[in-house]
Amino acid sequence: ELKQEFTRTLTTGNPHTPRNIIRYSFKERAYKLVEHMDQTAIHFTLNGNLVHRDSDEGRRQSIRLSTDSGKAPVVEEEAPVEASAETSEEAEVKDEEHAGDTEGEGEAEKAETVEVTEAAEAEEPPPPKVPEKKLANQFNFIERASTTHQNPLREKGCQSDPAPFLNFSANVNQWDIYDAYVEELEKIEKAKEKEKSKPQAVKKEDKRSGRRFSYVEPQHGDSLSKISKAAKIAERMVNLNTFDDIAQDFKYFEDASDEFRGQEGTLLPLWKFQYDKTKKLAVTAISWNPKYTDLFAVGYGSYDFLKQGHGMLLLYTLKNPSFPEYVFSSESGVMCLDFNSEHPYLLAVGFYDGNVAIYNLKKAASQPSYKSCAKSGKHTEPVWQVKWQKDDMDNNSNFFSVSSDGRIVSWTLVKNELVHMDVIKLSAEGTEMQGPEGLQLQTLGCGTSFDFHKKIDYLFLVGTEEGKIYKCSKSYSSQFLDVFEAHHMAVDSISWSPFHLKVFISCSSDWTVKIWDHTIKTPMFVYDLNCPVGDVAWSPYSSTVFAAVTIDGKAHVFDLNINKHEALCTQLVVTRKKNKTTHIQFNPVYPVIIVGDEQGLITCLKLSPNLRKMPKEKKGQEMKKGPEVEMAKLEKLLSLVREPESKE
Amino acid sequence: MEETEEEKKDEADYKRLHSFPLIRHSDMPEEMRVETMELCVTACEKFATNNESAAKMIKETMDKKFGSSWHVVIGEGFGFEITHEVKNLLYMFFGGSLAVCVWKCS
């Protein structure tokens, strides 16, 4: 290391000059690096008092000296006289003698002095006089000089930032001015119409200020709304990328192992939908939107009687699994919801506190558009199911609601108000009581679910907490058409078959799922699932396929065509223990089901091909497509079941 | 005769309706904009016949108030492309047919 050689080079450059000075050039309107810096380093400066003899000042001085030469001897003697003011008389005498001599001699002296001055001119004029002065006072006067320490001077430069500039261009024409004024007037008129009661300001200043506000605001509004749309699209793109494999599965994946599995099928888990605020709430209702088949609504509330909190209503789309499209919150838990098939932006919701409400998705409001209240006839018990009906004769939308208070109420939307009408009271048969004053009181059964027939408008079924199913008609308000002794516990869900006109399915907490023909009192098929069944749903593509969820977190898919007694697929849908699955729904278009559970989680699963089997084509036979085929399929099955019974 | 009278009335109406000051484009801060606009209106009303004097008045007042090198153009039909200091531009219509452009550029 010691033997390392260091090279040092001496350059003629000044190491202290800055190499990266940037200056703003007004000519080019930009910041530019100054390339050539002066390399001179000044170490010492002293202003001298030498004047060149040929320069103006030098010539002036020489002329001055030559004119002074006549007075020079006098001056010379006077100078010593002045200088030696304090000297002895001898000097004075000498001087006087000198003076006398010179005056006497006159011209000769002048000539001498002229020579002296000329000689003096050859040298610098000032110095010869000074040493003469010094010589005279060598012993009496000592000259001392000193200079104070002077700080070295350093040059520093600074430049402020140039003011920012912008270009602006426009064209002024008479028609342009006219158009602008007309537009402005229109805006003002609109604003006036909106406010109506604002007094007209006559002064110009007021007008001006008002207009300024109205001119500035739209700019803000436009920019925000533009960003929101772009942000939404960007969000969906990001989600698609994140969940790319799931999206691919959703569209294209068909489980190949189904061929080896015989009859069984599987449910492939796809997306999971979660929202922070609903983690403690249970999913109480799910429904797909009839128009936008990727949009579904989820209602959140609580089934626990003691722990009742607020509720939420979220709308998710399959295109954005990470965040709901719409979020509504409510004071009471949401128990059921339904989309209006004619107006897919209207959503009817039933609450735990007995209220019903209609949300209008077109309006960006966080509160429902219409809500019932105590005086407008809300239920006194939780509303368990709501269902829209066709628009009535006045083209007003209306829906039905069923509740534990035993009333089935029809709500009509008349001129921005919800008007209710009691359709039927569910009287529990055989329990008429004698009240005071001889009144006959009827205890009302508690309705827990209902469903309207798809084709026969007035016919509907109601399931109750006692396990009975009543077949009712809208035209009769006090009597039922029929009663089915269906279950031993509350009927959780009833659903008419979308294909067959006579068949419906019901499920209950008594562990069973039953399929009925409404003309026959006993069920066609009974399935015991060993666990309370939360929900059951028909599939939209096949009349013989339906799915059920049980509280232990399993989803069961049945296909009557293939296996009449057992489920084709029983699969655990939720991973956490103590999580009960509460609802299930088929997507009307895609082979997908969604399952909701008690912790606010929605899981979307894809049905494997085995579960979606269509009847196979037989050679030579034409395949009929359409609901008739489905109906015929089911009819065939049912007849198998019915015949032995009819024989009995 | 009646028609021309009506036309004249229309014109007068239109002048009245359209004569309020309308800011077309401005990036001045609020206070500055208000002041400048009022100054322009005052000047245009005072020198209704002479655009040059109105412009002169506006320019001199702006120079005094807000710093040097303001430029003012008043007219009824022209096109322009200018470079201006940021937050020092006002372009407005007034009087139904006048356009005023005021900007600062050193």
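Residues numbered from 1 in each chain as written. Chains lettered and ligands numbered in written order. Predicted model: local features only at pLDDT ≥ 70, side-chain atom pairs only at ≥ 80, totals over all residues. Heavy atoms only, no water.

Points about the overall build of chain B
Rules: By the criteria applied, helices consist of DSSP H or I runs no shorter than four residues and strands consist of E runs no shorter than two, each listed in order from the N terminus. Buried means the residue's accessible area, taken with a 1.4 Å probe over protein chains only, is under 20% of the maximum for its type, while exposed means over 50%, and partly exposed covers the values in between. Pairs of residues are marked as contacts when any of their non-hydrogen atoms sit within 4.5 Å.
Secondary structure summary: chain B contains 3 helices and 5 strands in total. When each of the 106 residues of chain B is scored for burial, the buried share is 45%. Taking the contacts inside chain B whose residues are at least 6 apart along the sequence as the reference set, 58% of them involve residues at least 24 apart.

Some details on the UniProt feature "repeat: WD" (unreviewed entry) in chain A
Heads up, the condition is: UniProt positions are given in the numbering used here, feature names are shortened, and annotations may be inferred rather than shown by experiment.
Taking the UniProt record as the reference, the feature "repeat: WD" (unreviewed entry) is found at residues 484-517 of chain A. Measuring from the first to the last C-alpha atom of residues 484-517 of chain A gives 11 Å, for a span that is 0% helix and 59% strand.

Some remarks on the pairing of strand S5 (residues 98-104) of chain B
Residues and elements named next belong to chain B. The condition that has to hold: Between any two strands, pairing holds if DSSP finds at least two bridges.
With respect to burial, S5 is a largely interior element, 7 of its 7 residues being buried. The alternating pattern of S5 places Leu98, Val100, Val102 and Lys104 and Ala99, Cys101 and Trp103 on opposite faces, both of which are buried. By the bridge criterion, 6 bridges tie strand S2 (residues 70-75) to S5 in an arrangement that is antiparallel. Across the sheet, His71 pairs through a bridge with Trp103, a residue of S5. With 6 bridges connecting them, strand S4 (residues 89-94) and S5 associate as antiparallel partners.

Quick look at the interface of chain A and chain B
The condition that has to hold: A simple way to read buried area is as the amount of 1.4 Å-probe accessible surface that goes missing from two parts once joined, with both sides added. A carboxyl oxygen of Asp or Glu within 4 Å of a side-chain nitrogen of Lys or Arg is what we treat as a salt bridge. Two N or O atoms form a polar contact when they lie within 3.5 Å of each other; inside protein one atom must be a possible hydrogen donor and the other a possible acceptor, and for residues adjacent in sequence the pair counts only when both atoms belong to side chains. By the convention adopted, Pro, Cys, Tyr, Trp, Phe, Met, Ile, Leu, Val and Ala count as nonpolar, Lys, Arg, Asp and Glu as charged, and the other residues, Gly among them, as polar.
Counting residues at the interface gives 27 residues for chain A, matched by 39 residues for chain B. Summing the contributions of chain A and of chain B, the shared interface buries around 3,100 Å²; its carbon and sulfur component is 61%. On the surface where chain A and chain B come into contact, there are 1 salt bridge. The salt bridge involving Arg24 of chain B is made with Asp176 of chain A; its shortest N-O contact spans 3.3 Å. At the boundary of chain A with chain B, the tally comes to 7 residue pairs in polar contact (both at pLDDT 80 or more). Contributing elements (two or more residues each) for the side of chain A that touches chain B: strand S3 (165-172), helix H6 (174-195) and helix H7 (204-242) of chain A. Class assignment for the residues of the side of chain A that touches chain B results in 14 nonpolar, 5 polar and 8 charged.

Quick word on the packing of aromatic side chains
Residue and element names in this part refer to chain A. To keep it simple, the criterion reads: Any two rings among Phe, Tyr and Trp, with Trp reduced to its six-membered ring, count as a pair given centres within 6.5 Å; such a pair is stacked if its planes are under 30 degrees apart, edge-to-face if over 60, and tilted if neither. Comment: the charge-over-ring label is applied if NZ (Lys) or CZ (Arg) is within 6 Å of the ring centre and within 35 degrees of the ring normal.
The final tally for this structure, using the stated rule, is 30 aromatic pairs over all chains. Pairing Phe400 with Phe452 gives two aromatic rings, centres 4.9 Å apart and planes at 65 degrees, and the pair type is edge-to-face. Of this pair, Phe400 sits in strand S14 (residues 398-403) while Phe452 sits in strand S19 (residues 447-452), and the two are 52 residues apart along the sequence. According to the relative accessible area criterion, Phe400 is buried, its value standing at 3%. You can call Phe452 buried: its relative accessible area is 7%. With centroids separated by 6.4 Å and ring planes inclined at 15 degrees, the aromatic side chains of Phe525 and Tyr527 adopt a geometry described as stacked. Since its relative accessible area comes to 3%, Tyr527 is described here as buried. The structure contains a cluster of three or more aromatic residues connected by ring pairs, namely Phe525, Tyr527, Trp538, Phe546 and Phe558. The residue whose ring lies beneath Lys362 is Tyr345, and the NZ or CZ to ring-centre distance is 4.2 Å.

A closer look at the sheet that holds strand S5 (residues 282-288) of chain A
Residues and elements named next belong to chain A. Formally: With axes taken as lines fitted to C-alpha atoms, and helix axes fitted only over the stretch in contact, angles between N-to-C directions fall between 0 and 180 degrees.
Spatial ordering of the open sheet is given by S5-S6-S7-S8, a layout of 4 strands whose pairing is antiparallel. In this open sheet, the two strands that pair with only one neighbour each are S5 and strand S8 (326-330). Shown here is a sheet whose adjacent strand axes are inclined to one another by a mean of 15 degrees, direction ignored. Direction of pairing for strand S6 (residues 295-301) relative to strand S7 (residues 311-317): antiparallel, over a ladder of 6 bridges. Bridge pairing in S7 places Tyr300 opposite Met312.

A closer look at helix H3 (residues 51-66) of chain B
Residue and element names in this part refer to chain B. To keep it simple, the criterion reads: Expected span of a helix, by definition, is 1.5 Å for each gap between consecutive residues, and there is one gap fewer than residues.
Between its first and last C-alpha atoms H3 spans 22 Å; for 16 residues at 1.5 Å apiece the expected length is 22 Å, and the two agree. Restricting attention to buried positions, one finds in H3 the residues Ser53, Ala54, Ala55, Ile58 and Met62. Contact partners of the buried residues in H3: helix H2 (30-46), S2 and S5. Two residues or fewer after H3 comes Gly67, characterised by a positive phi angle close to 110 degrees.

Side note on the confidence of the model for chain A
Put simply, the rule is: What pLDDT expresses is the predictor's confidence in each residue, scored from 0 to 100.
In this model, chain A carries an average pLDDT of 74, and 75% of its residues clear a pLDDT of 70 or more. Within the model, pLDDT remains below 50 along residues 200-220 of chain A, and this stretch shows 24 contacts once partners closer than five positions in the same chain are excluded.

A closer look at the pattern of salt bridges
Residues and elements named next belong to chain A. On inspection of all chains with the given rule, the structure shows 10 salt bridges over all chains. With a closest N to O distance of 3.4 Å, Lys232 and Glu325 form a salt bridge. Of this pair, Lys232 sits in helix H7 while Glu325 sits in the loop between S7 and S8, and the two are 93 residues apart along the sequence. Exposure remark for Lys232: the relative accessible area of 41% places this residue in the partly exposed category. Between Lys521 and Asp482 there is a salt bridge whose closest N-O contact spans 2.7 Å. Placement of Lys521 in the loop between strand S25 (512-517) and strand S26 (525-528) and of Asp482 in strand S22 (residues 482-485) is noted, with a sequence separation of 39 residues between them. The class for Asp482 is buried, based on a relative accessible area of 17%.

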